[in-house]
Every structure is written in structure tokens, then in C-alpha cells.
Amino acid sequence: KAMSMTGGFIPFKHLTALVGDRERMDAYKKLKYPLDITDVKSIMDFIGEHELNQSVEVLEKDIITDHKRRMFVNMTSEMMEKSSEDNFNVNDCLRKFSYRIDQMKFDSDEELEFHSMDDLRKQEMEYQASDEVDKMFPFGFNIIDDEIGGVPVPSTNYILAVPKAGKSLSLYDLANKNLKSGRNILFVTIEIPTKEATRKMYANFTGINYRGIVNKTLNDDELNEYNKFLNEEVVKYKDNLYMVYNRNGVDVKQIEMYCENLKKSGIEIDDIY
């Protein structure tokens, strides 16, 4: 039946991988797979349009690429329709569609959780009655640490403020504090070159004037203190701090790759800045 429908033989291991592998099936469903993965005929129809001797991984990539292409075409048509409307707003359009493009880029789909108030009430009662305690980590800002005990672990946190408000300085300070406590840090920068960012961390660590370090205008005592720091203190943390710089930007997948490569070397990253 398969041969009459597709004109070729479908290797059993390919069919098993596509239909019988629960983890792969769940991953496809999360990506809004364009065909019904449990419908063998739909899979056969799709395979019939491709080389039948290719690996599952190649076929998988082709399927996702084709699906994304369709999504992008539909999105383009929708953007054209929006632009013709009388109340068209460029910023609103960019905001809406850039978010959807990011979802496609990172192979992710928005996961919405729906809970009734009764669900949340029961969940909180169970939490209070259990021995479980949510893990919190000091963030470095007193207003956060004192009021709510820090930030959840693990969590992703954003610092938003006007220019020159001290966002970068706060991150340098937080990174240094965590270095001193023995945590492994991956510091990612897309605006400030690695050398400059490292010097600013050193200045923050020692309390020595950054401009004096850059311009080499430190007095003898400051210079001796800085050299001592480089030769003694920095050596202590040589296996704890890793810097990544790319002026063209760094995405989540790249950061994940850096962490995975370090993990293969036996280095588990605790914090990413």
C-alpha cells in the first residue's frame, strides 16, 4: 500500500522514528507541525515529495523549514494587509511581527498556562503545607533582596533603566560578588569589547579608578595594588569567569552552545550576564 501511494519503499526505521517516538512526536506538536504526525498517510504523502533514502534528521529539517517558509509567507501577507489599514501604526506592527519572527527563529511556541483562582488557591495551600521552599538567590540590589529575598532560581531577569543609570556597573558588581562566592560565570557582551568589559570588572573588583587603569595614570601605590590583584586575585578565578563578545549580537542558541561546550570540559555555568 505504501509503494502504491508514494511510488517507493519507506524504510521501517524512518516510519518508526516519525510515528513511534513519543519524544520526537511531542517536539513536532510543540512546533505546530503542519501535518498530523499520528496520520501515517499524511507522513507518507510528505515523504513522497522528498528523497526516500535520506536520514530522519534531514527529513525532519526539511519538514520544519517548509513549515517555517509557509508561516513566513502568511505573515508577510498579513503585514501587507495591516499596512493598508487606515489606523496602521509602524511601531505596533514591528513589535507584533518581530516577536513572531523570534518565535520562529528559536523554534519555540508561546506556552500559555491557564489556571482558575481555585487552582491557584489549592496550589498555594499545598505549598504552605509541604516542606518545599522556593529557592531564591541574592540579586545584588537591596530593594529586591530585602523586600522579596532575591530572585527565583533558576530565572531570567532583565534590568531596564535610562542610559548612564548604572545597569552595567550593577552587573559588574554582581558578577564580582558571585565570583568571590565560587560561582562560575559566563559574561556576554554585544556593545562593549571583552577587554573593556574585563577592565571595568577589575576596576569594580578593586575599587581602583577605571580611567586611571585605561590611561595608565595610576600612582605608584595604586599601580602596585593593581598588579598584585592581577597576579594573585585574578589567578584564583581563572576557571570561573568566561567572556563572550560579538558586536553583531548573540542569540539564546549560541549562549546555550557555549554553556554546553564548557559543560563537556567539566565546567558548569551558574550565572549568565
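Basis of the calculations
Counting from 1, residues in each chain are numbered in the order their sequence is written. For a predicted model such as this one, the threshold for reporting local features is a pLDDT of at least 70, and the threshold for listing and counting side-chain atom pairs is 80 or more; totals across whole chains, interfaces and linings nevertheless cover every residue. No hydrogens and no water enter the side-chain calculation; it runs on all heavy atoms of the structure. Note on definitions: the grid is 1 Å and covers protein atoms alone; a cavity is a set of points where a 1.4 Å probe fits but cannot get out; a pocket is an open set with protein on both sides within 12 Å along at least five of seven lines; lining residues have an atom within 4 Å of a point. Grid points are joined across faces, edges and corners, and a volume is the space filled by probe spheres set on the points. A run of H or I in DSSP counts as a helix once it spans at least four residues, and a run of E counts as a strand once it spans at least two, with each numbered from the N terminus. Three classes are used: nonpolar for Ala, Val, Leu, Ile, Met, Phe, Trp, Tyr, Cys and Pro, charged for Asp, Glu, Lys and Arg, and polar for all others, with Gly counted as polar. Each patch is built from residues lacking any salt bridge and having more than 30% relative accessible area; the joining distance is 9 Å for like charges and 5 Å for nonpolar side chains (Val, Leu, Ile, Met, Phe, Trp, Tyr). Reported accessibility uses the Shrake-Rupley method at a 1.4 Å probe radius. Residues are deemed covered only where the shown protein chains occlude them. A side-chain nitrogen of Lys or Arg and a carboxyl oxygen of Asp or Glu constitute a salt bridge if their distance falls within 4 Å. Accessibility here uses a 1.4 Å probe with only protein chains present; expressed as a share of the type maximum, an area under 20% marks a residue as buried, one over 50% as exposed, and anything in between as partly exposed. Axis definition: a line fitted to C-alpha atoms, limited for helices to the stretch in contact. Angles are taken between N-to-C directions and run from 0 to 180 degrees. Roughly parallel means an angle under 35 degrees; roughly antiparallel, over 145; roughly perpendicular, 65 to 115; everything else is oblique. Residue contacts are counted whenever heavy atoms from the two residues lie within 4.5 Å of one another.

### Digging into the layout of surface pockets
Its volume calculated, the largest pocket comes out at about 1,600 Å³. Secondary structure elements with two or more residues in the lining of the largest pocket: β2 (151–152), α9 (167–180), β3 (185–189), α13 (252–264) and β5 (271–272). Looking at the lining of the largest pocket element by element, the count peaks at six residues for α9. In terms of residue class, the lining of the largest pocket is built from 23 nonpolar, six polar and six charged. Approximately 390 Å³ is the volume found for the second largest pocket. As for the second largest pocket, its lining consists of 14 residues, and the residues nearest its centre are Lys164, Gly166, Ser168, Leu169 and Lys200. Breaking the lining of the second largest pocket down by element, the ones donating at least two residues are α9 and α10 (194–206).

### Comments concerning a nonpolar patch on the surface
Residues Phe88, Val90 and Leu94 make up a contiguous nonpolar surface patch of roughly 260 Å² in combined accessible area. Note that valine 90 resides in helix α6 (residues 90–105). Judged by its relative accessible area of 48%, valine 90 falls in the partly exposed class.

### Here we look at the packing of α10 against helix α12 (residues 220–236)
The N-to-C vectors of α10 and α12 enclose an angle of 100°; their axes lie 11 Å apart at closest approach. By the angle between their axes, α10 is roughly perpendicular relative to α12. Counted together, Tyr202, Phe205 and Thr206 of α10 and Glu225, Tyr226, Phe229, Leu230, Glu233 and Val234 of α12 form the full contact between these two elements. Along the lines of polarity and charge, the residues of the contact of α10 with α12 split into six nonpolar, one polar and two charged.

### A word on the pattern of salt bridges
Tallied over the entire structure, the rule returns seven salt bridges. One salt bridge connects lysine 122 with aspartate 118, and the closest N-O pair in it is separated by 3.3 Å. Taken together, the residues lysine 122 and aspartate 118, both in helix α7 (residues 117–129) and four residues apart, mark about one turn of the helix. Under the relative-accessibility criterion, lysine 122 is labelled partly exposed at 43%. Among the ionic pairs, lysine 236 bridges to glutamate 233, the shortest N-O distance being 3.0 Å. Residue lysine 236 and its partner glutamate 233 are located together in helix α12, separated by three residues, close to a single helical turn.

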